[in-house]
Each structure stands twice: as C-alpha cells, then as structure tokens.
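Tertiary structure, described
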Amino acid sequence: MKKVTLKELVADKIIFAVLVALYYWMWARNDWKDFYPTIQTVVGGFTFWYFVFRAIRVRKYKQEAADEMAEANLHRCDSICLKVCKAALIGIGFACAIGRLVLTTEVIGYCLMGTLILIEVVRTVAFWLMDEKGL
Amino acid sequence: MALVTKLKEYRERDNFKQAELAELVGVRRETIVNLEKGKYNPSLKLAMDIAKVFHTTVEELFAYTED
C-alpha cells in the first residue's frame, strides 16, 4: 500500500465537509422528489465505505514515522485558517443581523455549511502551498 | 538570528543523495531540501539523528548567526 502523506489526510477533510453539507441538505430541504431516496442511499453507502477506507489510511499514517516539517506546516496553516474562520463567522453573523427579516435559519445553515467547505478548501490549498513552496 | 547549516557540504562529502539522507533519518526529501536552504529549523531529535549519520555533532552541522 502506498505511503500515507499528510497532504492526503488534509485533502480528505474536503470530502468530509461535503458529506456533512449533504447531510445538512437532507435534513433542511423542503421539497421532495422521487430520486431523493436514491441519493440518500448512495450518499449513505459512500459515507460508510469512505469512513472505513480513511480510517485504515489514518491508522497506517500513525504507524509510519511522521514528517516533522509537514506537521509544523500544518500547525501554521491551521493557525491561519482559524483566523479565516473567525472572519467568516463574523461576516455571517453581521449578514444575519442585517438580513434578519429576510434570512431563514435554513439559509443561515447553508451559509455555515458553505463556510465549512470553503475553510477546508482554503486549508488544503494553503497547506499544499506551504509544503511545496516552503512559504 | 538566522540558522546556517553545513548539511549540504557533509551530504556531498559522504555521497548521499537528499532522498537517501531523508530515508535514513525518517523524513521526506522536501524536509532535507528546506533544511539545506535554511528555511526550516529542525527539532533536536532530527538534528541529532542527522549528526549521527555524518558522525559529527549538532553544533558542527547547525549554527545561528546574528542577522
């Protein structure tokens, strides 16, 4: 089996974020179409398989010697992403205050899910850049 | 204070490739690249492992200079 890199584990989190957002959609939707149960079954099956597959890869990563520079870069990246996340939450908070008569909790939820996916994408890109370019 | 290193000099003296040295000390080749450029400060353990490979001391391999 191929060696597990930290880049792979970081990029994985995007898939997890998308799955969480999909589950949110399943809970928050107001309409109902005939193909929705098919989507739910496919997503459910994929989620189970993916969790098991990733758990095996994470276990393998923990057994291998971790590269210290990659881990230091990830800590720096997480520090940056925490600040980005704070800025996003403040933005959403104020948007909710301004649009309180128009925005529903469902829409706010979609904004939060979107922020979750965005943060994971930013974290992955930032980490890859730091690791590749030594920024 | 900047970290200066003689890592590349020692590596070439002993005919190691970056990948080979990386394998010996349990890091990636990119880590060795950044160490040689002075872009990354190694942990004490990594510095000691590298010094052991070259049969030298950490102080001989790494030093801080005043900017």
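Residues numbered from 1 in each chain as written. Chains lettered and ligands numbered in written order. Predicted model: local features only at pLDDT ≥ 70, side-chain atom pairs only at ≥ 80, totals over all residues. Heavy atoms only, no water.

Identification of chain B as Transcriptional regulator from Faecalibacterium prausnitzii is taken from an unreviewed UniProt entry.

1. Quick look at the interface of chain B and chain A
Counting residues at the interface gives 11 residues for chain B and 10 residues for chain A. Summing both sides of the interface, chain B and chain A together bury roughly 800 Å²; the carbon and sulfur share of this comes to 43%. On the chain B side of the interface with chain A, the three residues burying the most area are B:Arg28, B:Asn34 and B:Tyr40, jointly 55% of the side's total. Our count for the chain B to chain A interface comes out at two salt bridges. In this structure, A:Asp67 and B:Arg28 form a salt bridge, with 3.0 Å as the shortest nitrogen-oxygen distance. The tally of links from chain B across to chain A stands at five residue pairs in polar contact (both at pLDDT 80 or more). The biggest single contributor to the side of chain B that touches chain A is helix α3 (residues 29-37) of chain B, with three residues. A breakdown of the residues in the side of chain B that touches chain A according to their chemical character gives four nonpolar, four polar and three charged. (Contact = heavy atoms within 4.5 Å. Buried area = accessible area lost by both parts, 1.4 Å probe. Salt bridge = Lys/Arg side-chain N within 4 Å of Asp/Glu carboxyl O. Polar contact = N/O pair within 3.5 Å; in protein donor to acceptor, adjacent residues only side chain to side chain. Helix = DSSP H or I, 4+ residues; strand = E, 2+ residues; numbered from the N terminus. Nonpolar A, V, L, I, M, F, W, Y, C, P; charged D, E, K, R; others polar.)

2. Description of the UniProt feature "transmembrane region" (unreviewed entry) in chain A
Residue and element names in this part refer to chain A. As recorded in UniProt, the feature "transmembrane region" (unreviewed entry) lies at residues 9-28, 34-53 and 107-130. Summarising residues 34-53: 90% helix, 0% strand, and an end-to-end C-alpha distance of 30 Å. Overall, residues 107-130 shows 100% helix and 0% strand. The separation of its end C-alpha atoms is 34 Å. (UniProt positions renumbered as here; feature names shortened; annotations may be inferred.)

3. As for the side chain of A:Thr124
Residues and elements named next belong to chain A. In this fold, Thr124 is placed in helix α4 (residues 105-133). A relative accessible area of 5% places Thr124 in the buried class. A distance of 2.8 Å separates the side chain of Thr124 from the backbone oxygen of Glu120, its partner in a polar contact. Excluding residues within four positions of it along the chain, Thr124 makes contact with Val10, Ala11 and Ile14. (Buried < 20%, exposed > 50% of the residue type's maximum accessible area, 1.4 Å probe, protein only.)

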